[in-house]
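In case you want the letters, here they are:
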Amino acid sequence: MEYTQLGRTGLKVSRLVLGTMNFGPQTGEADSHAIMDAALDAGLNFFDTANVYGWGDDKGRTEEIIGSWLAKGGGRREKVVIATKVFGNMGPDGANWPNHDRLSAVNIRRAVEGSLRRLGTDHIDLYQFHHVDRATPWDEIWQAIDVLVQQGKIVYAGSSNHAGWHIAQANESARRRGTLGLVSEQCLYNLAERRAEMEVIPAAEAYGLGVIPWSPLHGGLLGGVLRKEKEGGSARAASGRSADALANTKVREQVQAYEDLLDKHGLAPGEVALAWLLTRPGVTGPIVGPRTLGQLESALRALELRLDEDLLTALDGVFPGPGPSPEAFAW
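Residues numbered from 1 in each chain as written. Predicted model: local features only at pLDDT ≥ 70, side-chain atom pairs only at ≥ 80, totals over all residues. Heavy atoms only, no water.

Q: Please provide a residue-by-residue account of the overall build of the protein, values included.
A: When its secondary structure is counted, the protein shows 13 helices and 10 strands. Computed over the C-alpha atoms, the radius of gyration of the protein is 20 Å, within 12% of the 20 Å expected from 2.2 N^0.38 for a compact globule of 331 residues. The dimensions of the protein, computed from C-alpha atoms along their principal axes, are 55 × 55 × 35 Å. Looking at the protein residue by residue over its 331 residues, the buried ones come to 51%. Residue pairs in contact within the protein that sit at least 24 positions apart in sequence constitute 76% of those at least 6 positions apart. For the protein, the accessible surface area stands at approximately 14,700 Å², while carbon and sulfur atoms represent 50% of it. Looking at the protein, you have 34 positive and 41 negative side-chain charges, and the mean spots of the two groups are 3 Å apart. (Helix = DSSP H or I, 4+ residues; strand = E, 2+ residues; numbered from the N terminus. Rg over C-alpha atoms; globule rule 2.2 N^0.38 Å. Buried < 20%, exposed > 50% of the residue type's maximum accessible area, 1.4 Å probe, protein only. Contact = heavy atoms within 4.5 Å. Areas by Shrake-Rupley, 256 points an atom, 1.4 Å probe, with all protein chains shown as cover. Lys, Arg positive; Asp, Glu negative; His and termini not counted. Charge placed at Lys NZ, Arg CZ, Asp CG, Glu CD.)

Q: Explain the environment of leucine 188 to me, using residue names and the numbers behind them.
A: As for its position among the elements, leucine 188 is in strand β8 (residues 182-188). Given the relative accessible area of 22%, leucine 188 is considered partly exposed. Considering only alpha carbons, one finds leucine 188 and serine 68, 120 residues apart in sequence, at a separation of 29 Å. If we ignore the near neighbours within four places in the chain, the residues touching leucine 188 are Glu193, Ala196, Trp214, Ser215 and His218.

Q: Provide a residue-level description of the pairing of strand β5 (residues 81-86), including the pertinent values.
A: For β5, the tally of buried residues reaches six of six residues, placing the bulk of the element in the interior. Alternating residues of β5 divide into Val81, Ala83 and Lys85 and Ile82, Thr84 and Val86, and every residue in both groups is buried. With three bridges connecting them, strand β4 (residues 46-48) and β5 associate as parallel partners. Note that in β5 the partner of phenylalanine 46 across the bridge is valine 81. Pairing analysis gives four bridges linking β5 to strand β6 (residues 124-129), with the strands arranged parallel. Note on β6: the bridge partner recorded for valine 86 is phenylalanine 129. Following the backbone out of β5, through helix α4 (residues 105-119) and into the adjacent parallel β6, one traces a crossover that is right-handed. (Pairing = 2+ DSSP bridges. Right-handed = clockwise from strand over helix to strand, strands pointing away.)

Q: Go over the pattern of salt bridges with me, naming the residues and quoting the values.
A: Two side chains bearing opposite charge may form a pair once their charged atoms approach each other closely. Inspection of every chain in the model, using the stated rule, returns 18 salt bridges. With its nearest N and O atoms 2.7 Å apart, the salt bridge here joins arginine 118 to glutamate 63. With arginine 118 in helix α4 and glutamate 63 in helix α2 (residues 61-70), this residue pair connects regions lying 55 residues apart in the sequence. On the accessibility criterion, glutamate 63 (0% relative accessible area) is buried. (Salt bridge = Lys/Arg side-chain N within 4 Å of Asp/Glu carboxyl O.)

Q: Kindly report on the confidence of the model for the protein, identifying the contributing residues and their values.
A: Of the residues in the protein, 98% reach a pLDDT of 70 or more, and the chain-wide mean stands at 96. Considering each helix and strand of the protein separately, the mean pLDDT is smallest for helix α9 (residues 241-246), with a value of 84, and largest for β6, with 99. (pLDDT = per-residue confidence, 0-100.)

Q: Quick rundown of the nonpolar core? Include the residues and the values.
A: Counting 80 residues, the largest nonpolar core has Ile108, Phe129 and Tyr258 as the members making the most contacts within it. Looking at which element gives the most residues to this core, the answer is helix α11 (residues 269-278), with seven residues. Not counting residues within four places of it along the chain, the set of residues in contact with isoleucine 108 comprises Leu103, Tyr127, Phe129, Ile141, Ala144, Ile145 and Leu148. Core analysis: the next-biggest nonpolar cluster, separate from the first, contains 12 residues, Phe46, Val81, Leu126 and Ile212 among them. (Core = buried A, V, L, I, M, F, W, Y, C linked by side-chain atoms within 4.5 Å.)

Q: Describe the side chain of asparagine 190, naming the residues involved and giving the relevant values.
A: Summarising the element assignment, asparagine 190 is placed in the loop between β8 and α7 (200-207). A distance of 2.9 Å separates the side chain of asparagine 190 from the backbone nitrogen of alanine 192, its partner in a polar contact. At 2.8 Å, the side chain of asparagine 190 forms a polar contact with the backbone oxygen of serine 215. Excluding its chain neighbours within four sequence positions, the residues that come into contact with asparagine 190 are Ser215, Pro216, His218, Leu222, Trp276 and Leu277. (Polar contact = N/O pair within 3.5 Å; in protein donor to acceptor, adjacent residues only side chain to side chain.)

Q: Describe the packing of α4 against helix α5 (residues 138-150), naming the residues involved and giving the relevant values.
A: At a minimum axis distance of 8 Å, the contact between α4 and α5 shows a crossing angle of 30°. Of the two elements, α4 crosses α5, and the hand of that crossing is right-handed. Residues Ala105, Ile108 and Val112 of α4 form the contact with α5, whose participating residues are Glu140, Ile141, Gln143, Ala144, Ile145 and Leu148. Taken together, the residues of the contact of α4 with α5 sort by class into seven nonpolar, one polar and one charged. (Axes fitted to C-alpha atoms, helices over the stretch in contact; angles between N-to-C directions. Left-handed = near helix turned anticlockwise from the far one by under 90°. Nonpolar A, V, L, I, M, F, W, Y, C, P; charged D, E, K, R; others polar.)

Q: Please give an account of the environment of proline 290 that cites residues and values.
A: Residue placement: proline 290 occurs in the loop between β10 (287-288) and α12 (293-301). When the C-alpha positions of proline 290 and arginine 134 are compared, they lie 33 Å apart, and in sequence the two are 156 residues distant. Leaving out residues up to four positions away in the same chain, proline 290 has contacts with Leu18, Gly19, Asn22, Phe23, Thr27, Ile35, Gln295 and Leu296.

Below, the structure is given as structure tokens:
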């Protein structure tokens, strides 16, 4: 397993991040435990979740599954970096009560206690803001975070789904307070969706944030979806974000060109999509969200791939990036 430092911190994390969103809704507790065991055996030490995972009436279930795995002992908690998120409503009885969502100091304090209880741990290594809260000033957010850091309940703070200027705003506010600020940004980024290259990733690099891409296969679009269609694969091959994208003729042509290119090289599309992200500046590691052990094994193989310059150039030809800002939309 390869490791890197998370942004400008001294924290060492694996170059793949185990996403746990399927634990509970798609994957039962026993199978989820088996996936986490296999990930740890492979040296993957960075586990990502969120307080709302489990969804609906089962919000929080994913954290509970991770907590029951950690409770098995054997040094599990000491070996892994646990990242979770706050923003979505976690009101009692499944109701969307006021002050049980977003980033007010009241909700951050309440949400941390809930996550700690479900995870069965005394601290969260990386506490991430799941979305920007336009109604709460950064000084209030950092006041809450500073207290939690002092109490030892969280170690680092990160953002998710924030614009470049939000990152700048957050870290300039933290700088005025004399605190560390954001150390990571978790954003939608993959070969087919590269808009983050315009401002989010440059802002993250400028402020020393590690970039953690989510949906690295763009909902299955980059996982050989057209090949699976031809082979009569499962309906999951083209659902959600993937199905929406394929409704666009230009995108379908791009995906076909992508799969044809990799067929010539004898490479698996999903593994190449992950390996490509590992070549990108500022990227700590993409989040992989396996539902099965087989999917985890496929993701781990991406770490062994080395994409040469000719292939990287060809991939840029199929899925060109937007270019830097402001040149992407101005002269």
